[in-house]
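Here's the letter readout for the chains.
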Amino acid sequence: MLQIVEHFDPDHVLGLQPTYGELDWALPGGLQVRIDSAEKLNPPGILRIRGEIAGQSVEDDDPAQETARELLGRWCTPFLDPGMAGEPLLWSLRDTTIRTNGSSELVSASLLFEDGVPSHVAIPLSWESDAALIAASRLGMVAETDGERDEPAPRVLLRDFMRDQPSWTPDDALWVGEPEGTVRSRFDVLDQGVKPLVRRNRRAGASGAVVVGDTAEDFALARAYDLFCGTGLWLPSSMFSDEETFKATTLPMVMDRHRQFADPSRSPGYVSASLSDKELGEYLRRLDDGLPKILMNPPSQAHGIARTDFPDAAASHTFRAFDENADAPASVAVERDEDGTLTMATRFAMPSPSENGFFGGLPAWIVDFRFEDGAMPVGRGIGPERLLVSSPGSFPDSVVRSSQHGLAVEAASFGLVQAGAVMSGRLAHPRLANLGMLSWARAMAAVHGYEVRHSTPGTNAELVARRLGSRAALTEIVAGPMHPVLKLFAVLDESDRQRKKRYAAMSPEERARQPRWVGADSFVTFDDMFLAHGAPTDDPVRGLVDTLLRADLIRRGAILKCEECVRWSFVPDEQLGRGYECPRCSARNLLTSARWERGREPKRYYDLHNAFRQLLTENGDIPLFAAARLRARSHSGRYGDVGELEFWKGDDQVAEIDLVSHANGRILVTEAKTSAGFDGAQKQKKGTARKIAEVARILRADAVVLATDKTTWRESDIGLLNDALSKRFAAHPAPTVQISDSLGPTIEPRG
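In this text the structure is predicted, and so the values were computed from the model without any measurement.

Caption draft 1: Here's a closer look at the overall build of the protein. Of regular secondary structure, the protein possesses 25 helices and 32 strands. The proportion of buried residues among the 751 residues of the protein is 43%. A fraction of 69% describes how many contacts in the protein between residues 6 or more apart in sequence connect residues 24 or more apart. Per element, the accessible surface of the protein, about 38,400 Å² overall, is 50% carbon and sulfur.

Caption draft 2: Region of interest: the environment of Leu387. Locating Leu387 in the fold gives a position in the loop between strand S16 (366–369) and strand S17 (400–403). Placed 44 residues apart in sequence, Leu387 and Arg431 show a C-alpha to C-alpha distance of 8.5 Å. Dropping the residues within four chain positions of it, Leu387 is found in contact with Met376, Ile382, Val400, Arg401, Ser402, Leu407, Arg431, Leu432 and Ala433.

Caption draft 3: Looking closely at a nonpolar patch on the surface. Judged by side-chain polarity, Trp25, Leu125, Leu133 and Met141 come together as a nonpolar surface patch covering roughly 340 Å² of accessible area. By secondary structure assignment, the location of Trp25 is in helix H2 (residues 20–26).

Caption draft 4: Spatial organisation of helix H15 (residues 456–468). Compared with the 18 Å implied by 1.5 Å per residue over 13 residues, the 19 Å span of H15 between its first and last C-alpha is a close match. Considering only its buried residues, H15 is in contact with strand S20 (451–454), helix H16 (471–478), helix H21 (539–550), helix H22 (610–617) and strand S28 (639–649). One or two positions beyond H15, positive phi appears at Gly469, with a value near 110°.

Caption draft 5: Layout of the sheet that holds strand S22 (residues 521–525). Judged by pairing direction, the sheet is antiparallel, and its 5 strands sit side by side in the order S21-S22-S27-S23-S24 without closing on themselves. Lying at the two open borders of the sheet, with one neighbouring strand each, are strand S21 (516–518) and strand S24 (568–572). Taken over all neighbouring pairs, the strand axes of this sheet differ in orientation by 45° on average, direction set aside. Against the sheet, helix H20 (residues 526–533) makes contact with S22 and strand S27 (605–608), and its axis sits at roughly 90° relative to S22, the strand it touches most. In the packing of H21 onto the sheet, the strands contacted are strand S23 (554–561) and S27, and the crossing angle to S23 comes to about 95°.

Caption draft 6: Layout of the confidence of the model for the protein. Averaged over every residue, the pLDDT of the protein is 82; the share at 70 or more is 86%. In this model, residues 85–89 is a region of pLDDT below 50 whose contacts with residues beyond four sequence positions or in other chains number 6 contacts. A low-confidence stretch, residues 296–302 (pLDDT under 50), is modelled with 16 contacts involving residues beyond four sequence positions or located in other chains.

Caption draft 7: Region of the structure containing the environment of Ser57. Within the secondary structure layout, Ser57 lies in the loop between helix H3 (43–53) and helix H4 (63–75). As a C-alpha pair, Ser57 and Leu23 span 34 residues in sequence and 9.5 Å in three-dimensional space.

Caption draft 8: Region of interest: the packing of aromatic side chains. One pass over the structure, following the stated rule, counts 7 aromatic pairs. With centroids separated by 5.3 Å and ring planes inclined at 85°, the aromatic side chains of Phe219 and Trp234 adopt a geometry described as edge-to-face. In this pair, Phe219 is assigned in helix H8 (residues 216–229) and Trp234 in strand S11 (residues 232–235), connecting sequence segments 15 residues apart. Phe219 gets classed as partly exposed once you look at its relative accessible area, which sits at 22%.

Caption draft 9: Structural view of the sheet that holds strand S18 (residues 406–410). Pairing is antiparallel across the open sheet formed by 3 strands, whose spatial order is S16-S18-S17. At either margin of the open sheet sits one strand with a lone partner, and together these are S16 and S17. When strand polarity is set aside, the average angle formed by the axes of neighbouring strands in this sheet is 25°. Taken together, the 4 bridges between S17 and S18 define a ladder with antiparallel strand orientation. Bridge pairing in S18 links Val400 to Val409.

Caption draft 10: Inspection of empty space enclosed by the protein at higher detail. Overall, the coordinates contain 2 cavities of 30 Å³ or more when judged by the stated rule. The calculated volume of the largest cavity comes to roughly 80 Å³. What lines the largest cavity is a set of 11 residues, among which Ile134, Ser137, Ala222, Gly232 and Trp234 lie closest to the centre. Those elements that place two or more of their residues in the lining of the largest cavity are helix H5 (130–139), H8 and S11. Looking at the lining of the largest cavity, the element that brings in the most residues is H8, giving 4 residues. Broken down by class, the residue content of the lining of the largest cavity amounts to 6 nonpolar, 2 polar and 3 charged. Approximately 40 Å³ is the volume found for the second largest cavity. Considering the residues around the second largest cavity, the lining is formed by Ala461, Arg471, Leu615, Gly620, Pro623, Leu624, Gly643 and Glu644. Only helix H23 (621–632) and S28 provide two or more residues apiece to the lining of the second largest cavity. Each residue belonging to the lining of the second largest cavity can be placed in one class, and the counts come to 4 nonpolar, 2 polar and 2 charged.

Caption draft 11: Molecular detail of a positive patch on the surface. A contiguous patch of positive charge, built from Lys683, Lys686, Arg690, Lys691 and Lys727, is present on the exposed surface. Considering each element in turn, the positive patch owes the most residues, 4 residues, to helix H24 (residues 682–699).

About the criteria used
Residues numbered from 1 in each chain as written. Predicted model: local features only at pLDDT ≥ 70, side-chain atom pairs only at ≥ 80, totals over all residues. Heavy atoms only, no water. Helix = DSSP H or I, 4+ residues; strand = E, 2+ residues; numbered from the N terminus. Buried < 20%, exposed > 50% of the residue type's maximum accessible area, 1.4 Å probe, protein only. Contact = heavy atoms within 4.5 Å. Areas by Shrake-Rupley, 256 points an atom, 1.4 Å probe, with all protein chains shown as cover. Patch = residues over 30% accessible without salt bridge, like charges linked within 9 Å, V, L, I, M, F, W, Y side chains within 5 Å. Salt bridge = Lys/Arg side-chain N within 4 Å of Asp/Glu carboxyl O. Expected span 1.5 Å × (residues − 1). Pairing = 2+ DSSP bridges. Axes fitted to C-alpha atoms, helices over the stretch in contact; angles between N-to-C directions. pLDDT = per-residue confidence, 0-100. Phe/Tyr/Trp six-rings, centres within 6.5 Å; stacked < 30°, edge-to-face > 60°. 1 Å grid on protein atoms, 1.4 Å probe; cavity = no way out; pocket = protein on both sides within 12 Å on 5 of 7 lines; lining within 4 Å. Points joined across faces, edges and corners; volume = space filled by probe spheres on them. Nonpolar A, V, L, I, M, F, W, Y, C, P; charged D, E, K, R; others polar. Lys, Arg positive; Asp, Glu negative; His and termini not counted. Charge placed at Lys NZ, Arg CZ, Asp CG, Glu CD.

Laid out in structure tokens, this is it:
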């Protein structure tokens, strides 16, 4: 349910403040009345007292409700109120409640209809059967006005209405007001001026569910799947207990949930929030026995109806909005910084719907902004102060949150509004920012009191990516066919003696592809790179050299021997003339044949930028392999990542992670290794798992990826990580653990 509420993406998290009468109705026997006078203990006296307090709102604090609000406020991304004190600005969850005694504007229809609510169909509050509750989830519920109406049989309530028949004729008992030819539910009436909009991902699993069980959570799950996925059917035990209801109502409703899909493999799932596998299986067997086998046995359920996984509510989303400029593009000048953060260059004029009479003339609507080229993950509870651009020390005139659709902004200005101002003068004029991945990670960490920095490998990677133009360009060049060429420049931790021994064991062909070593650094010729790449032509290698030269990441030169220190050194072309200065001892040398190696005209060698060389030496290519695989699997086209981050609290480094990526709307944190598991003893491994779990908690990750160039990952380490995640996410859905093994570059076959 927490995942579903997060997907619902609430603007506000409000507490319900019922009356004592409503509390007594909803929880029979749960309301305790303390009576001081002994003579009032008789039943008539108790009834009189209950009647006197029935219309009063419950004023006592509800600790369970406050706990739930705080949990939702942390996990979802509701609007937060800006505080007036402290620097930086303080933001807090709004302390708002709904009073259900009719005074709340949120539940009053009088603002919408001056002449009374039009005729519609709805379920009277006095009907308390399960069938009435099923129907009320679609039709809405209304308090009695003209006396109680008799409740029809379940088959009358549900037979046609639940089957979505356009020719449905409601029973007279359902009408509020005089029956009309056009059937509208209470929800339809209250949604005047808005229309449903659907964002659907048509991957398998988006077909909703049939939910069996008698608890409130079972009912709520079915309602959520109905809203988001288009199919959600609640079947309490009462829909099975009566044979007539089962055959005339339950079976047709389930059958219709299958008929609406041409592809039988997308049939709805069968789940329960309260029943065990055995208990649910008994109900599903009854359904399986009563339904046509040709219809009910798709390939995924070849042996009959069975319990399935909970459907992914995020696969489809239906929401309601004003049908004015919905999804219409608007051009706004933006500035982009190095990490991809987009900032509006000027203030934005908020749109104003023509139907503002719905709000009594007040700017009470909310506007969603989506930056077309933005890389920032949606939701996640990011602090609003990072999303608004305002003058230092000034109070923001806008309130913004990171919604599931981009950035949501309240239309009303929170700044200075002159009395008598026209509507345009009461609207906010925000400057919004869409953060790049690094800025987003820093904003998420700041909420928990952490600071994020690049590690040394991360700094090297950013330097190289900046010169190449983007991190995507770095990933492509390292994880592609040129990887064997670049790996020639990686420093090996070996002595000259060890290198000679290694060379002696090579075949002549292998030895020919080895670089020239000067001390701990390697230098390669164009022919070395061509042999390492293995292509039939040298065109790809020439393209790589040109790219690296333009990015100032490679340089040509010669390897020469100094006359004074008698050591070999790489000297770049720009330092060569009639003579050169020794890089080691600064001695001035003439470029005579004595400086040449073995008396031959010097070859032209290539030297890679030290940051790039260090990146390859410290296995910085493994996270880039993982990034390339994740990017390739990102079917939405929206992918972004940032690598090698350290999380600090004060002067202490708390954790680090190799890769943070955003793909298909999900956040993934990746630990990349050249081994098959965590390093060190058991205590050190547990510490590594805890640090990864802490990063996942800070960034609200959907999954943790364990990446390696080996063929597997140690099972015991996976167990340690799962244990650490379960502890860090005790109150929230824990991320899944995914394995990405056998990583390597995309290598073209040798010619």
